Amino acid sequence: MTESFPRLHARTRRFTLGVPRNFTISPDGGRVTFLRTRSGTDPVTCLWELDVASGAERLVVDPLALGAADEDLPPEERARRERSRESAGGVVAYATDREVRRAVFALSGDLYLTDLASGGARRLPAAGPVIDPRLDPTGARVAYVTGGALHVLEIDTGAGTLLAEPEGDLVTYGLAEFIAAEEMGRMRGYWWSPSGDRLLVARVDESPVTLWHIADPANPDRQPVPQRYPAAGTANAEVTLHVIGLDGARTAVPFEQEYLVTAAWDAHGLAIVTLSRDQRTMRLLSADPDTGETTLLREDTDPAWLDIVAGVPARLSDGRLVWVADADGGHRLVVGDEPVTPPSLQVRAVLDVDGDTVLFQASGEPSEVHLWTYTAGTISAVTTEPGVHSGRRAGGVTLVARQSLDTEGTTVTVGSASINSLAERPGLEPRVSLVRAGSRELSTAILLPSWHVPGSGPLPVLMDPYGGPHAQRVLSARRMFLESQWWAEQGFAVIVADGRGTPGRGPAFEREMLHDFTISLQDQVDALQGAAALHPGDLDLSRVAIRGWSFGGYLAALAVLRRPDVFHAAVAGAPVTDWRLYDTCYTERYLGHPDEGHYERSSLLGDAEKGDTEKLERPLLLIHGLADDNVVAAHTLRLSSALLAAGRPHTVLPLSGVTHMTPQEVVAENLLLLQLDFLRKSLNITG
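(A) Molecular detail of the overall build of the protein chain. A tally of helices and strands in the protein chain yields 12 helices and 44 strands. A compact globule built from 687 residues would reach a C-alpha radius of gyration of about 26 Å, and the protein chain, at 25 Å, matches this within 12%. With respect to the principal axes defined by its C-alpha atoms, the protein chain has extents near 75 × 55 × 55 Å. In the protein chain, buried positions account for 59% of the 687 residues. Pairs at least 24 apart in sequence give 59% of the contacts found in the protein chain among residues at least 6 apart. Total accessible area on the protein chain stands at roughly 26000 Å², and carbon and sulfur atoms take up 49% of it. Counting 63 positive and 90 negative side-chain charges, the protein chain places the averaged centre of each group 3 Å from the other.

Given below as C-alpha cells:
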C-alpha cells in the first residue's frame, strides 16, 4: 500500500483530479455547470452539466475532442495558473452569461464558445492567444485579453473591437497584477456592466517594479526570464481604473489607496474596494460609471491589518450592503450597518447572495467549516455534520460540497441530486486524532501508524506544519492528512499543528503574528510537548524532525537553527529565508515596512553564524525549484552561502525547471522518497 502512495499521490495531483469543482447554478436552480476530469488520474479537465431534477450528468466539452491533447499556453496563462495553483489542464476556467445558457473558455490560447443546452463547442476568432475570456451578462459578446490588450468580440457577427491597447511593454489592460493574484485572491482585471454595454478595466503599469531575472542554470544557452517582482519595501505596480464603453469612450475612476482589492458591478451600481499600503485602512467606494466620481460608503480600520474576505461587497435584492467586518472580537457578517452573526462564529467568506438570502462559510470550532444562511434577520445552519463545507446558491437551490474525516474525498449534493467524484482512492485511511495541545490549546492533529499499538514503544516524531498566517492544516477533512498518514506508515508519529496567526479562532489569535514570524516556532514546540503529554510513551522526543514547504519550509529551517535542543533534523522546501526578498503585500501585512525594524528577528540569514558545535550538526535539507517566481531560489542560495561561510554542514537539492508548485509527477513522487531517506538517515532510523 505505502510503496505505491508517492506515485499515486503525484499522478493524481494530490488526489485533486476527478473531483468536481467550479460550480455555477442556473438562475432557476435547475442546472449546475461544473468542471471535472474524466478520472482520478486524467489531467485533462472537462466541462459538465447536471440536471438537478433528474440527477443526470452530461459531458458538455471534452478538450480532447477539440484536438487539445497538448496544451500550448501563452506565458500570461502559465503565470495565472501558477498564481491560482492550478495543476490540471484542459478547461480549467470558464465564464457564463447571466442565464447560464452560454459559456466561454480558453484552450491552448484559442477562444471557444459552447451552448450549454446543445453541448459541443466552436472556436471563435481572436486577435491572439486568449487570456481570461468572459461573456457579458446578456451573452451577446465576449471580452478577452491578448498581448496585454483588451478586446471584445460580437458573437453573432464575429466583429472584433480593440478596446484598450497598452501604451508600452510594461502596461496591460484587463489582467490582475502579481500582487492581486498571489496575495489578494483577485484573478481578474475587468468587470462587465449589467447591461453589457461597457466594462470597468484595470490598467496595470509595471514600470515602477524592480526587475529581477529567473535563470535556468541547467540550460546555460537560455536567456534568463525577466520578471518584475515587488519585493518588500519596494514599489508596486501602478493600478488605475477606467470605465470603457464599447465605442472606446473612456472615463477614469480614481482612487487614492495603494491596492485595488476587488470590484463589483450589479443592478445596484458599481463599487470598488481599496486598501492602504500598510493594510490598516480599507475603503468601500461607489463609483458613477458616467463621471468616474466616487463616494465613500464605508471605511474599516485596524491597528494591525485588515483581512480581505472573498465574496464581498454584495447586495441584497433591496440594495442593502453585505459585508464582513471585525467587531467585538469576531469576524462577523454585516448586513446594512449591523453585524448579524455572533462574535463566536468566525465568518470566512460570502459564497452567494440569492435574492434576500446570503450563503456564507463560518466556523465555531476552528477545525470545521460550515455553511450558514442569513435571511430576514435570521441566521440558519445549512450543514451540521462535522467536516469542511463549501457551496453555492441560486434559484432557491443550495449546492453543498463536503469533506470530512469519516468519508473519503468530496461529496457534492444539490437538492436531491449529487455530483459524482471520480477521484482515486488513496489506499490510506488517516489514523488521526484532532486535539487541543499545549498551554495555548492549539488545534493539533496527531497521526500514528496503523500498525502501532499505543504504549508499545516510542516512535520518532515528524512535525508536518505549514504554520504561517491565514492558512490552516488542521481541518476535519481526510485530504488534509493523506500525506501525513503516509509518513506515519513509515514509522513516524506525525504532528500537524496550527499556531497563532491561523484562521478560525478570531482576529486576536490571528494578529498575535504581528511583527514576529518566529512565534510560529514557539507554537510548534508547544504543540509537540502537548502531544507528547497526551500520548505518554508513544513519542520519542530525542528524535524529532520537521518538514515543510514555503512558510512551512521557513519554519522547518528556523526550527533546527534556533531550537536544536528540540528538533534534530529538518527538510525545508522553498523556504523564505530573507523576508526582504518576499513580496510587498504579504510581508508588509505582518512585518510592516522594512524600515520599521521588524525583519531581522524573523530572518534566517543571521542565524547562520550563530551556535555551538551541537547546532552545526543538525541535518538540514534545503529544496528549491530554480524556476520558482514566488519564493525565488535566491532565498535558499543565500542561506546556503551563509551556512557555508560559517562552516555549517547542510544539503541543498536544486530542482531544475520546477516552480513553487512542483507539479511534475516524477519530481513530486521522488521528492517524498528523497525526504524519507534523508530523515531516516538523519534520525538513525532503520527498518
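(B) View of the nonpolar core. Ranked by internal contacts, the top residues of the largest apolar core, which has 87 residues, are Trp323, Leu333, Phe360, Phe517, Phe567 and Trp579. For this core, the leading source of residues is helix α7 (residues 551-562), giving nine residues. If we ignore the near neighbours within four places in the chain, the residues touching Trp579 are Ala232, Phe517, Phe551, Tyr554, Tyr586, Thr587, Leu591, Tyr599, Ser602 and Ser603.

(C) Just the sheet that holds strand β26 (residues 321-327), in detail. Strand order in the open sheet formed by four strands is β25-β26-β27-β28, with antiparallel pairing between adjacent strands. Either end of the sheet is taken by a strand with one partner, and the two such strands are β25 (314-315) and β28 (338-339). Here β25 pairs with β26 via two bridges, running antiparallel. The residue of β26 that forms the bridge with Ala314 is Val322.

(D) The sheet that holds strand β23 (residues 281-287), seen in detail. Taking strand neighbours across the sheet as the criterion, the four strands line up as β21-β22-β23-β24 in an open arrangement whose pairing is antiparallel. Lying at the two open borders of the sheet, with one neighbouring strand each, are β21 (259-266) and β24 (294-301). Strand-to-strand twist across the sheet, computed as the mean angle between neighbouring axes with direction ignored, equals 20 degrees. Here β21 runs beside strand β22 (residues 269-275); their pairing, made up of seven bridges, is antiparallel. Bridging from a neighbouring strand, Trp265 pairs with Leu270 of β22.

(E) Molecular detail of the side chain of Thr383. Within the secondary structure, Thr383 sits in the loop between β32 (378-381) and β33 (388-394). Residue classification places Thr383 among the buried residues on the basis of a relative accessible area of 8%. Within the structure, the side chain of Thr383 is placed 2.9 Å from the side chain of His370, a separation counted as a polar contact. Within polar-contact distance, the side chain of Thr383 engages the backbone nitrogen of Leu371 at 3.0 Å. What Thr383 contacts, discounting residues up to four positions off in sequence, is His370, Leu371, His389 and Val400.

Thresholds, definitions, all that
Residues numbered from 1 in each chain as written. Predicted model: local features only at pLDDT ≥ 70, side-chain atom pairs only at ≥ 80, totals over all residues. Heavy atoms only, no water. Helix = DSSP H or I, 4+ residues; strand = E, 2+ residues; numbered from the N terminus. Rg over C-alpha atoms; globule rule 2.2 N^0.38 Å. Buried < 20%, exposed > 50% of the residue type's maximum accessible area, 1.4 Å probe, protein only. Contact = heavy atoms within 4.5 Å. Areas by Shrake-Rupley, 256 points an atom, 1.4 Å probe, with all protein chains shown as cover. Lys, Arg positive; Asp, Glu negative; His and termini not counted. Charge placed at Lys NZ, Arg CZ, Asp CG, Glu CD. Core = buried A, V, L, I, M, F, W, Y, C linked by side-chain atoms within 4.5 Å. Pairing = 2+ DSSP bridges. Axes fitted to C-alpha atoms, helices over the stretch in contact; angles between N-to-C directions. Polar contact = N/O pair within 3.5 Å; in protein donor to acceptor, adjacent residues only side chain to side chain.

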